[in-house]
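# Overview (structure and organization)
Read off the chains here:
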Amino acid sequence: MSEEVKTNIEQNELNKKDITILAIESSCDETACAIVRNGREVISNVINTQIAIHTQYGGVVPEIASRKHIENINPVIKKALTDANMTWDDIDAIAVTYGPGLVGALLVGVAEAKALAWALKKPLVGVHHIEGHISANFIQHKELEPPFAGLVVSGGHTHLIKVLDYGEYEIVGRTRDDAAGEAFDKVARAVGLGYPGGPKIDKLSKEGNPDAVQFPRAHVDDAPYDFSFSGIKSAVLNYINQAEMKGETINKADLVASFQKAVVDALVSRAVKLAKESGYNNLAIAGGVAANSCLKETLEKECEANGIKFYSPTPALCTDNAAMIGAAAYYEYIKGTRHGLDLNAVPNLKLGERI
Ligand code: KG4
Ligand code: ZN
């Protein structure tokens, strides 16, 4: 932890002033609001998920997501305050995800947060969505502090990072094509499991043999920490096409279990390598795919075998939520990050970038 952050935390403790942040998240298909104290304690956490609506279309329809956010955002914020038994007087700052994500969806949260900050005269803190995912670990593991190795695996991102300090990252590996969650979703659709694919593949894989089909484990030359999942995905699609042409029935459970193992192997080998080579000897995972039971079990075993301390949030804190945004916002807030009313949605915001 940097001296500056440490001093600010100590100062807060001396002043006995808790910092209570109301955080808003609307980057994809979840409208969420949470109230978080001192970055680690969740007072309330409300999520309105649109999954049932987007399932009908096989994936998130951005226009529908934005409209639903507009309908849901005020009731979700009201419920977060009611659940916390708080009023606006108890809130020190308003935080909001301003990127990356779907621009129309992000804009709903950003506009709402700006309106609240202006009307209530509260500070506004914009948060990077992936910084939020990583910070879910601070809620779950009160003792966890940077530096540590991080694996971020969501529907849009697959990053191996060094978390140098709160809000300070070095990206050491990334996917060259599909994100891990995207591969799960595309394979699930091809097999006929529907959206979102990750949890469905996770469940069905428990009934299958992960060694039934051998799928390729891609390596990127000269980039040992980079990933590539499009090859595995194409191999699954080819397997299905060939079986169809030959009139053979596919054992779906075996197929998805073998696919899942190939993805998990790629993630685990690189994450463990980073945790060891960085010298941190600890690893935290984050993002929707971090909810995957096979990934967690394999990492738990591999980390134990290699003397690495392993951290993961509960599944509810892995997928999109606003509590993680409130956790990240606290560390930004005490560092002095404040946004003006010109804050805009940035759909391709880079990790570590500040706008
Ligand atoms: O982090 P997240 O909720 O949203 C993004 O920021 O993208 O991640 C969503 C992704 C989806 O691709 C979903 O299929 C995947 O996380 N996911 C899972 C599991 N739960 C969600 N993937 C594998 N196993 C799971 N149990
Ligand atoms: Zn996410």
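Residues numbered from 1 in each chain as written. Chains lettered and ligands numbered in written order. Predicted model: local features only at pLDDT ≥ 70, side-chain atom pairs only at ≥ 80, totals over all residues. Heavy atoms only, no water.

Turning our eyes to something else, we now look at the site of ligand 1. Residues in close proximity to ligand 1 total 19 residues, the closest being H133, G155, D185, G198 and D202. Note that an oxygen atom of ligand 1 is positioned 3.0 Å from one of the side-chain N or O atoms of H133. Computed on the free molecule, ligand 1 has an accessible area of 550 Å², of which 88% lies beneath the protein chains in the complex. When each cavity is represented as a set of grid points, ligand 1 is found to reside in the largest pocket. Of all elements in the fold, only helix 5 (129–140), helix 6 (180–191) and helix 7 (197–205) reach the threshold of two or more residues within the shell around ligand 1. If one sorts the elements of the shell around ligand 1 by residue count, helix 7 sits on top with four residues. Partitioning the shell around ligand 1 into residue classes produces four nonpolar, 12 polar and three charged. (Near = heavy atom within 4 Å. Polar contact = N/O pair within 3.5 Å; in protein donor to acceptor, adjacent residues only side chain to side chain. Areas by Shrake-Rupley, 256 points an atom, 1.4 Å probe, with all protein chains shown as cover. 1 Å grid on protein atoms, 1.4 Å probe; cavity = no way out; pocket = protein on both sides within 12 Å on 5 of 7 lines; lining within 4 Å. Sits in = over half its atoms within 2 Å of the grid points. Helix = DSSP H or I, 4+ residues; strand = E, 2+ residues; numbered from the N terminus. Nonpolar A, V, L, I, M, F, W, Y, C, P; charged D, E, K, R; others polar.)

Put simply, the ideal angle at a metal is 109.5 degrees for four donors in tetrahedral geometry and 90 or 180 degrees for six donors in octahedral geometry. All of the protein donors around the zinc ion (ligand 2) are H129 (NE2), H133 (NE2) and D320 (OD); their distances to the metal are 2.0 to 2.1 Å. All donors of the zinc ion (ligand 2) come from a single chain, and their spacing in sequence reads H-x3-H-x186-D. Note that H129 and H133 are positioned in helix 5 at a spacing of four residues, about one turn of the helix. Of the two residues, H129 and H133, both sit in the buried class. (Donors = N, O, S within 2.8 Å, 3.2 Å for Na, K, Ca; no water. Buried < 20%, exposed > 50% of the residue type's maximum accessible area, 1.4 Å probe, protein only.)

Once that is clear, we can look at the pairing of strand 8 (residues 168–174). Pairing of strand 7 (residues 158–165) with strand 8, which is carried by six bridges, proceeds in the antiparallel orientation. From the neighbouring strand, V163 faces strand 8, where its bridge partner is Y169. The antiparallel pairing of strand 7 with strand 8 creates a hairpin that spans two residues between the two strands, and G167 there sits at a positive phi of about 75°. (Pairing = 2+ DSSP bridges.)

Membership of the largest hydrophobic core comes to 45 residues, with the highest contact counts inside it found for F215, F229, F259, L283, L295 and L299. For this core, the secondary-structure elements that each account for two or more residues are strand 6 (148–153), helix 6, helix 7, helix 8 (230–245), helix 9 (252–277), strand 9 (282–286) and helix 10 (293–305). By residue number, the principal contributor to this core is helix 9, which donates 14 residues. One finds A93, I130, F138 and I334 within the second-largest nonpolar core, a separate group that totals 37 residues. (Core = buried A, V, L, I, M, F, W, Y, C linked by side-chain atoms within 4.5 Å.)

Take empty space enclosed by the protein next. Taken as a whole and judged by the stated rule, the model has three cavities of 30 Å³ or more. A volume near 90 Å³ is recorded for the largest cavity. For the largest cavity, the full set of lining residues is Y98, G126, V127, H128, E131, E332, T337, H339, L349, G352, E353 and R354. Element by element, the count of residues in the lining of the largest cavity is highest for strand 5 (residues 124–128), at three residues. (Points joined across faces, edges and corners; volume = space filled by probe spheres on them.)

As a further point, take the sheet that holds strand 2 (residues 30–37). Taken together, the five strands give an open sheet; going across it, the order is 3-2-1-4-5, and neighbouring strands pair in mixed fashion. In this open sheet, the two edge strands, each paired with only one partner strand, are strand 3 (41–49) and strand 5. On average, each strand axis in the sheet is inclined to that of its neighbour by 20°, with strand direction left out of account. Alignment of strand 4 (residues 93–99) against strand 5, held across five bridges, turns out to be parallel. By the bridge assignment, A95 is partnered in strand 5 with V125. Sheet contacts for helix 3 (residues 62–84): strand 1 (20–25), strand 2 and strand 3; angle to strand 2, the most-contacted strand, approximately 25°. On top of the sheet, helix 12 (residues 323–335) reaches strand 1, strand 2, strand 3, strand 4 and strand 5; it is set at about 130° to strand 1, its chief contact. (Axes fitted to C-alpha atoms, helices over the stretch in contact; angles between N-to-C directions. Contact = heavy atoms within 4.5 Å.)

Domain annotation of the protein chain identifies domain 1 (3–135 + 319–334) and domain 2 (145–315). The centre of domain 1, based on its C-alpha atoms, is set 27 Å off from the matching centre of domain 2. Contacts between the two partners involve 17 residues from domain 1, matched on the other side by 17 residues from domain 2. Summing both partners gives a buried area of about 1,400 Å² for domain 1 against domain 2, and 67% of it is carried by carbon and sulfur. When contributions to the side of domain 1 that touches domain 2 are tallied by element, the ones reaching two or more residues are helix 2 (51–55), helix 5 and helix 12. The element contributing the most residues to the side of domain 1 that touches domain 2 is helix 5, with four residues. Residues of the side of domain 1 that touches domain 2, tallied by class, amount to seven nonpolar, six polar and four charged. (Domains from an automatic or database assignment. Buried area = accessible area lost by both parts, 1.4 Å probe.)

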